[in-house]
Amino acid sequence: MIETPSWAYGNSGTRFKVFAQRGVPRDPYEKIADAAQVHAFTGAAPTVALHIPWDKVDDYAALAEYARSLGVGLGAINANVFQDDDYMLGSVTNPDPGVRRKATDHLLECVDIMDATGSRDLKLWFSDGTNYPGQDDIRTRQDRLADALAEVYERLGQHQRMLLEYKLFEPSFYTMDVPDWGTSFAHCVALGPKAVVCVDTGHHAPGTNIEFIVAMLLRAGKLGAFDFNSRFYADDDLMVGSADPFQLFRIMHEVVRGGGLDPATAVAFMLDQCHNIEPKIQGQIRSVMNVQEATAKALLVDAPALKAAQDAGDVLGANAVLMDAYNTDVRPLLVQWREDKGLAGDPIAAYKASGYFEKIVAERVGGTQAGWGA
Ligand code: LRH
Ligand code: MN
Ligand code: MN
């Protein structure tokens, strides 16, 4: 099951231009209505992630109830400690204790929101870092980060988790305070079992072997979630599986191998994407389908044959087992899976034929920006 992000439904763009699209949501309720369409046509996107304060409302319990009435639930609560002027030199790692307090209070507020929505996961991403050598003490910033995380960890309920996301660079260019999975992992281990790592597939150096990271985190019981997207260069936030479907397959193979599809392992599969030039709901539907295709191929890997080839040192034989699965056309299988659930075999065609897009274009005037790319 795949969680879609509320911010994918609003207008988005780059630092150069945000293109306004027709029919985009004007408030969090309308974002949820759009997310419900993605679930209705794919049968595989039952929850939607919120970003606070982009999705600020007065009554979160009412928002959760509204989501339920449309057949979806509210998922991860994404904190936002990167868009205020106060955060120019960092949020929880800022040299100013007053700013650190403000940022940590926001994270605690997000846990209050989780209590109201029934969300399990708090997703933390820090834009914190430095641009110049000597600008601030790298190690002291880690201490400040650890203090803030510990305070928020203490506030988590019994069944709530903290997902700590890392990112190599941007917006900081010399150091990020959580630049890689090792840093995130080290903090999560120090915090305890409720703290787990979130792998955003767009947050690595080019050429990084992400499936290796996935294997390592699963082995250590610390893979909490994915923010799926794909990229050609940096944090492009393009549709998952579009730039490199083979990489997505390799990641899903490690997920299958490591038991990551087992609900008990509780890996959250989330999209973190923007659709700058393509229709947004269709973009989300396509993304869900791409993840399904990669997962189906990963499930087709003949595990006993792979192990036998590996144990025999049969390099090419082992590689061929993987490639056979990857090169299988799983689309007919997925059409069957959908039809068995009473869904249309082609979700995009069914969505286009439904008239939903025409309806929202007529109803919604002056939709909002996702918050990103302003
Ligand atoms: C940062 C990030 C993080 C934010 C989202 C909007 O690049 O991946 O997950 O919350 O983008
Ligand atoms: Mn992300
Ligand atoms: Mn990102």
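Just above sits the structure.
Conventions used here
Residues numbered from 1 in each chain as written. Chains lettered and ligands numbered in written order. Predicted model: local features only at pLDDT ≥ 70, side-chain atom pairs only at ≥ 80, totals over all residues. Helix = DSSP H or I, 4+ residues; strand = E, 2+ residues; numbered from the N terminus. Rg over C-alpha atoms; globule rule 2.2 N^0.38 Å. Buried ≥ 20, exposed ≤ 12 C-beta atoms within 10 Å, placed from the backbone. Contact = placed C-beta atoms within 7 Å. Near = placed C-beta within 6 Å. Nonpolar A, V, L, I, M, F, W, Y, C, P; charged D, E, K, R; others polar. Pairing = 2+ DSSP bridges. Right-handed = clockwise from strand over helix to strand, strands pointing away. Expected span 1.5 Å × (residues − 1). Core = buried A, V, L, I, M, F, W, Y, C linked by C-beta atoms within 7 Å. Axes fitted to C-alpha atoms, helices over the stretch in contact; angles between N-to-C directions. Parallel < 35°, antiparallel > 145°, perpendicular 65-115°, else oblique. Left-handed = near helix turned anticlockwise from the far one by under 90°.

1. Here's the deal with the overall build of the protein
When helices and strands are tallied, the protein shows 13 helices and 10 strands. Radius of gyration (C-alpha) of the protein: 21 Å, near the 21 Å computed for a compact globule of 374 residues. With the C-alpha coordinates of the protein rotated into their principal frame, the extents come out at 60 × 55 × 40 Å. Considering the protein as a whole, with its 374 residues, one finds that 45% of them fall into the buried category. Taking as baseline every contact in the protein between residues at least 6 positions apart, the subset at least 24 positions apart corresponds to 77%.

2. Quick word on the site of ligand 1
Taken together, 10 residues lie around ligand 1, and Asn-78, Trp-125, Asp-200, Asp-235 and Asp-272 are the ones closest in. Residues of the shell around ligand 1, tallied by class, amount to three nonpolar, one polar and six charged.

3. What about the pairing of strand S2 (residues 47-51)?
If a strand is regular, its side chains alternate between the two faces of the sheet. When you tally the buried positions in S2, you get five out of five residues, the bulk of the element. Residues Thr-47, Ala-49 and His-51 line one face of S2 and the alternating positions Val-48 and Leu-50 line the opposite face, and both faces are buried. Examined bridge by bridge, strand S1 (residues 2-5) and S2 share three bridges and lie parallel to one another. Note that in S2 the partner of Glu-3 across the bridge is Thr-47. Relative to strand S3 (residues 73-78), S2 runs parallel, the two sharing four bridges. By the bridge assignment for S3, His-51 is matched with Asn-78. Handedness of the crossover is the feature at issue here: the chain leaves S2, passes through helix H2 (residues 60-69), returns alongside S3, and the resulting connection is right-handed.

4. Some thoughts on helix H4 (residues 138-155)
Between its first and last C-alpha, H4 extends 26 Å over 18 residues, near the 26 Å set by a 1.5 Å rise per residue. Arg-141, Arg-144, Leu-145, Ala-148, Leu-149, Val-152 and Tyr-153 are the residues of H4 that are buried. Lining the buried residues of H4 we find helix H3 (97-117), strand S6 (161-165), helix H5 (181-191) and strand S8 (195-200).

5. Examining the nonpolar core
When a protein is soluble and globular, its nonpolar side chains tend to lie buried together. Judged by nonpolar contacts, the single largest core of 92 residues is most densely connected at Leu-124, Leu-163, Leu-164, Val-197, Val-199 and Met-270. Of all the elements, helix H8 (residues 280-299) adds the most residues to this core, at seven residues. With near-sequence residues (within four places) excluded, Met-270 lies in contact with Glu-3, Pro-5, Ala-49, Ala-76, Ala-225, Phe-226, Asp-227 and Phe-228.

6. Topic: the environment of Ala-62
Take Ala-62: it is sitting in helix H2. Exposure remark for Ala-62: the 12 C-beta atoms within 10 Å place this residue in the exposed category.

7. Remarks on the sheet that holds S6
If you walk around this closed barrel you meet the eight strands as S1-S2-S3-S4-S6-S8-S9-S10, and the pairing is parallel. Between one strand axis and the next, the sheet turns through 30 degrees on average, direction left out of account. Inspection of the sheet shows S8 paired to strand S9 (residues 223-228) by four bridges, in the parallel sense. Pairing of Val-197 across the sheet is with Leu-223, part of S9. On top of the sheet, H5 reaches S6 and S8; it is set at about 160 degrees to S8, its chief contact.

8. Quick notes on the packing of helix H1 (residues 28-42) against H8
In helix packing, the relevant descriptors are the interaxial angle and the interaxial distance, both defined with respect to the helix axes. Between H1 and H8, the least distance of the axes is 9 Å, while the angle of their chain directions is 40 degrees. By the criterion of interaxial angle, the relationship of H1 to H8 is oblique. The way H1 lies across H8 gives a crossing that is right-handed. Between H1 and H8, the residues in contact are Asp-34, Gln-37, Val-38, Phe-41 and Thr-42 and Ile-281, Gln-284, Ile-285, Val-288 and Met-289, respectively. When its residues are assigned to classes, the contact of H1 with H8 shows six nonpolar, three polar and one charged.

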